[in-house]
Amino acid sequence: MGVLTLSTKERKRLAILSQVKAGVLKLVKAAELVGLSYRQMKRVWKRYWEDGDGGLTHRSRGRASNRRIAEGFWKKVLQRYEERYPDFGPTLASEYLAEEGLVVDHETLRRWLLEAGLWAKKRKRPTHRQWRERRAYCGELIQMDGSHHDWFEGRRDGAVRMVMIDDATNRTYARFYEVEDTRAAMDVFGRYARRYGLPQALYVDRDSIYECTREGRIDEELRGEGPQTQFERVMKVLGVEVICANSPQAKGRVERRNGVFQDRLVKAMRLEAISTLEAANRYLERVFLPALNRRFVVRARERGDLHRPIPAGLSLKEVLCFEEPRFVQNDWTVRWRNRYFQIASRHEALHLARRPITVRERLDGSVALLYRGERLQFRELTERPTPLPPPVQDRPRRRWTPPADHPWRRGFLVAGRSAAAPREECPSGYASGALLPTKKGTFLKSQEGDISKEF
């Protein structure tokens with residue numbers, strides 16, 4: 001005698017059909033109670049009458065599904081996963097397996113991996129966060145951040161990936177750089193602006209690239225301006241508002257996108273054997289970013305794009321640059337980052353010596369000198385110029401007259417005692433201060449008509 005297992009629905013039908021069999025209920029009322037049509041209820045009653053309680057069980061119970069996957073297929077999938085994608089998650093692995101012709105749903109693959117011990121459930125501690133509503137329009141707010149990671153898994157030195165993501169649509173743009181600095185931030189913003197336009201606002205962290213923490217100088221206070229970084233100055237020229245987040249969680253959209261890159265992009269570049277920045281940027285532009293945006297871009301709440309076109313006549317190459325004031329030296333040279341530039345003589349009428357000019361260095365390293373908005377012609381010096389010697393001023397010599405207590409005006413010691421020198425008139429023909437002959441063949445200097453004799 002075997003054991004019969006019934007579901008809750010089947011036990012309910014058994015109780016009602018037992019009442020029908022005992023004559024308590026009519027078949028019409030039983031069909032109403034179990035939620036079946038009278039025609040279907042007659043079929044159920046017939047199976048119950050012929051097979052007893054076992055006639056109420058589902059006919060497919062204990063049989064393999066008609067949609068089952070062949071055993072050889074899932075073994076092939078697991079073998080391929082272990083060979084090529086051992087650290088891939090089920091979702092990402094299912095995408096790459098589908099490209100190889102092994103199409104399997106990510107949840108099915110997850111179940112297979114759990115059963116085979118190739119994947120483990122990862123529980124995340126729940127954290128309360130206050131949800132921030134997305135911006136309504138595309139281009140209204142762009143989040144930007146740099147992510148430091150071992151992107152090449154030791155195939156080259158470290159690198160940083162700059163990423164920009166639209167808050168309303170999740171549309172993403174990214175590029176690799178050697179370091180995260182002002183030059184990298186300007187370059188990735190310029191590439192984004194040339195492709196999509198100028199956004200209304202930029203959401204960044206409180207890095208020294210985007211926020212200046214020093215105290216303002218006197219000239220800045222006089223102009224009514226606070227201290228600003230080179231990046232802030234550029235954004236002010238372009239009319240883009242810079243908003244600094246108070247915490248990484250505040251710009252969680254770009255932080256989560258960094259996690260996607262650190263998972264998917266690292267593994268994709270490993271499969272492509274990419275080991276240089278140039279190859280990585282080409283792969284990002286042509287393959288990875290288009291596929292990523294097709295998968296994760298959402299529709300904005302409002303129709304319309306708030307990106308502004310680059311104004312006519314405005315060159316991003318001239319705006320995205322470093323600008324600082326410098327003073328022209330007396331030899332008409334300007335020093336900029338240990339480089340020396342000689343201003344051409346054709347600008348002599350401007351009298352630039354000791355006057356301030358603006359030095360502009362573009363992202364490609366080229367330099368321009370500007371005075372009141374006008375470009376100056378110059379050439380770079382190969383070596384440091386020799387400074388000019390200070391000018392020598394010819395001063396008239398003043399005639400020196402010894403004071404009254406000078407030794408020339410006092411007596412001399414003779415045989416250990418003081419003897420006053422006799423005063424004699426200066427011989428005629430000798431001017432005061434002239435050299436006079438003595439008996440010993442030496443010369444003494446006459447002073448104001450007095451002759452100092454030698455004893």
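Notes on the structure in this doc start here. A quick note: this is a predicted structure, and the numbers were derived from the prediction, not measured.

### Comments concerning the sheet that holds strand S1 (residues 142-149)
Judged by pairing direction, the sheet is mixed, and its five strands sit side by side in the order S3-S2-S1-S4-S5 without closing on themselves. Single-partner strands in this sheet number two, and they are strand S3 (172-177) and strand S5 (241-244). Sheet twist, expressed as the average angle between the axes of neighbouring strands with direction ignored, equals 25°. In terms of strand pairing, strand S4 (residues 201-204) meets S5 through four bridges, oriented parallel. Along S5, the bridge assignment pairs Ala-201 with Glu-241. Sheet contacts for helix H11 (residues 277-296): strand S2 (159-166) and S3; angle to S3, the most-contacted strand, approximately 165°.

### Details of the packing of aromatic side chains
The relative placement of two aromatic rings is captured by the distance of their centres and the angle of their planes. Within this structure, the stated rule accounts for 13 aromatic pairs. A ring pair is formed by Trp-151 and Phe-176, whose centres lie 5.7 Å apart and whose planes are at 75°; its orientation type is edge-to-face. Of this pair, Trp-151 sits in the loop between S1 and S2 while Phe-176 is found in strand S3, placing the two residues 25 residues apart along the sequence. The class for Phe-176 is buried, based on a relative accessible area of 2%.

### Let's talk about the sheet that holds strand S10 (residues 367-371)
Spatially, four strands are ordered S6-S9-S10-S11 in an open sheet, and the strand pairing comes out antiparallel. Two strands in the sheet have a free side with no partner beyond their single neighbour: strand S6 (321-327) and strand S11 (374-376). Averaged over all pairs of adjacent strands, the angle between their axes in this sheet comes to 35°, without regard to strand direction. Bridge count for strand S9 (residues 356-362) against S10 is four bridges, and the pairing is antiparallel.

What counts, and where the lines are drawn
Residues numbered from 1 in each chain as written. Predicted model: local features only at pLDDT ≥ 70, side-chain atom pairs only at ≥ 80, totals over all residues. Heavy atoms only, no water. Pairing = 2+ DSSP bridges. Helix = DSSP H or I, 4+ residues; strand = E, 2+ residues; numbered from the N terminus. Axes fitted to C-alpha atoms, helices over the stretch in contact; angles between N-to-C directions. Contact = heavy atoms within 4.5 Å. Phe/Tyr/Trp six-rings, centres within 6.5 Å; stacked < 30°, edge-to-face > 60°. Buried < 20%, exposed > 50% of the residue type's maximum accessible area, 1.4 Å probe, protein only.

Everything listed is a geometric property; what it means functionally is a separate question.
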